[in-house]
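Residue-level listing of the chains:
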Amino acid sequence: MLKKTFLLCCASMLALASFSQTVEESLAQAKQLTLQMKETEALQQYKDILQADPGNVTALNQSSLICSREGARQKDKSAKMEWFNNAKIFAYEAMKVDVENPESNYAMALAWARIAQVSGAKEKVAAAKEVKKYVDLAIKFKPDYGEAFHLLGKWNFDIYNLSSIEKAAAKVLFGGMPAATLEDAIANYEKCRQLTPSFILNYLDLAIAFRQNNQETQAMEILNKAMRLRPIYQDDPGYKAECKKLLDSMQ
């Protein structure tokens, strides 16, 4: 009996090890698909992983991030919202597993940021409040999180540029206008550039902020640096094209 129990334990341990190896291999394949700019295929791979391992935080986080990016590529508002809401669901499920996971909080913040971009005044400000909540937590749990600093910079930029109607809504929802300046946005973008120098979108947003702050020379320098970067993610070629268009308009 003891021998049989021992053999069953060994078999279970081998099965668990094999399962873990399979999941790790699948995660590596999904990551490679993302780097090959095949995000639709990568998302399906992550979903397959979640079928076998529903609490896999990495798969949940990456699924959320891909949904946010894919939603931004859609033309129809309802299609965008469907993708963004799915991004929220994946991030929520990830935080149910580990509420202090920085990537999960960043994924949730990004989903809300995307929702804000396609919402009316009141809804946009309400979404912005969620962005700030979760991006602050992402940075709290991972102080060197470059992409989170980019999102914080975008939050500062967007709050600074709210319309009068949106500012009125912000005063109600935030209990007053939140402190946000172009200088804060630029500082956050620069922090992202220091921590994650390959993140092309950050260069574009930093240049836009510089230009609005009447720092045209710095904007052009950043855009020129962006043009020398190698695209990593699916949207990077498009961001580089936007950088070139902006740079051409300034020369």
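For the structure itself, consult the block above.
These numbers come from a predicted model, not from an experiment. (Residues numbered from 1 in each chain as written. Predicted model: local features only at pLDDT ≥ 70, side-chain atom pairs only at ≥ 80, totals over all residues. Heavy atoms only, no water.)

(A) Local environment of the packing of helix α7 (residues 146-160) against helix α10 (residues 200-212). Interaxial distance between α7 and α10 falls to 11 Å at its minimum, and their mutual angle equals 30°. Between α7 and α10 lies a crossing of left-handed hand. Contacts between α7 and α10 involve His150, Lys154, Phe157 and Tyr160 from the first element and Leu201, Asn202, Asp205, Ile208, Ala209 and Gln212 from the second. When the residues that make up the contact of α7 with α10 are grouped by side-chain class, the tally is five nonpolar, three polar and two charged. (Axes fitted to C-alpha atoms, helices over the stretch in contact; angles between N-to-C directions. Helix = DSSP H or I, 4+ residues; strand = E, 2+ residues; numbered from the N terminus. Left-handed = near helix turned anticlockwise from the far one by under 90°. Contact = heavy atoms within 4.5 Å. Nonpolar A, V, L, I, M, F, W, Y, C, P; charged D, E, K, R; others polar.)

(B) Geometry of the layout of surface pockets. By volume, the largest pocket amounts to about 1,100 Å³. Along the wall of the largest pocket there are 45 residues; nearest its centre are Arg69, Tyr106, Leu110, Glu147 and Phe199. Here the lining of the largest pocket gets eight residues from one element, more than from any other, and that element is α7. Counted by class, the lining of the largest pocket contains 24 nonpolar, eight polar and 13 charged residues. (1 Å grid on protein atoms, 1.4 Å probe; cavity = no way out; pocket = protein on both sides within 12 Å on 5 of 7 lines; lining within 4 Å. Points joined across faces, edges and corners; volume = space filled by probe spheres on them.)

(C) Quick peek at the nonpolar core. By size, the foremost hydrophobic cluster in this structure holds 57 residues, and its most contacted members are Tyr106, Trp112, Ala148, Leu151, Trp155 and Leu223. If one sorts the elements of this core by residue count, helix α5 (residues 102-117) sits on top with nine residues. Those residues in contact with Leu151 that lie beyond four places of it in its chain are Tyr106, Ala109, Leu110, Ala113, Val131 and Val135. Leu27, Ile49, Ala59 and Leu60 belong to the second-largest nonpolar core, a separate cluster that totals 18 residues. (Core = buried A, V, L, I, M, F, W, Y, C linked by side-chain atoms within 4.5 Å. Buried < 20%, exposed > 50% of the residue type's maximum accessible area, 1.4 Å probe, protein only.)

(D) A look at helix α2 (residues 39-52). Taking 1.5 Å per residue as the helical rise, α2 with its 14 residues ought to reach 20 Å, and the 20 Å between its terminal C-alpha atoms agrees with that figure. If you check which residues of α2 are buried, you get Glu39, Ala42, Leu43, Gln45, Tyr46, Ile49 and Leu50. Each buried residue of α2 lies within a common arc of 160° when the element is viewed along its axis, so the set occupies one face. Exposed and facing more than 90 degrees away from the buried side of α2 are Thr40 and Gln51. (Expected span 1.5 Å × (residues − 1). Arc of directions from axis to C-beta.)

(E) Focus on the pattern of salt bridges. Overall, the coordinates contain twelve salt bridges when judged by the stated rule. Where salt bridges share partners, they join Glu39, Arg69, Glu70, Arg73 and Asp235 into one cluster. (Salt bridge = Lys/Arg side-chain N within 4 Å of Asp/Glu carboxyl O.)

(F) Geometry of the packing of helix α6 (residues 121-141) against helix α8 (residues 164-173). Following both chains from N to C, one finds α6 and α8 inclined at 50°, their axes separated by 9 Å at the closest point. Classified by the angle between their axes, α6 and α8 sit oblique to one another. Seen from above, α6 lies across α8 with right-handed handedness. In this structure, α6 uses Ala121, Lys122, Lys124, Val125, Ala126 and Lys129 to contact α8, whose residues at the interface are Ile165, Glu166, Ala169, Ala170 and Leu173. Here the contact of α6 with α8 is built from residues that sort into seven nonpolar, no polar and four charged. (Parallel < 35°, antiparallel > 145°, perpendicular 65-115°, else oblique.)

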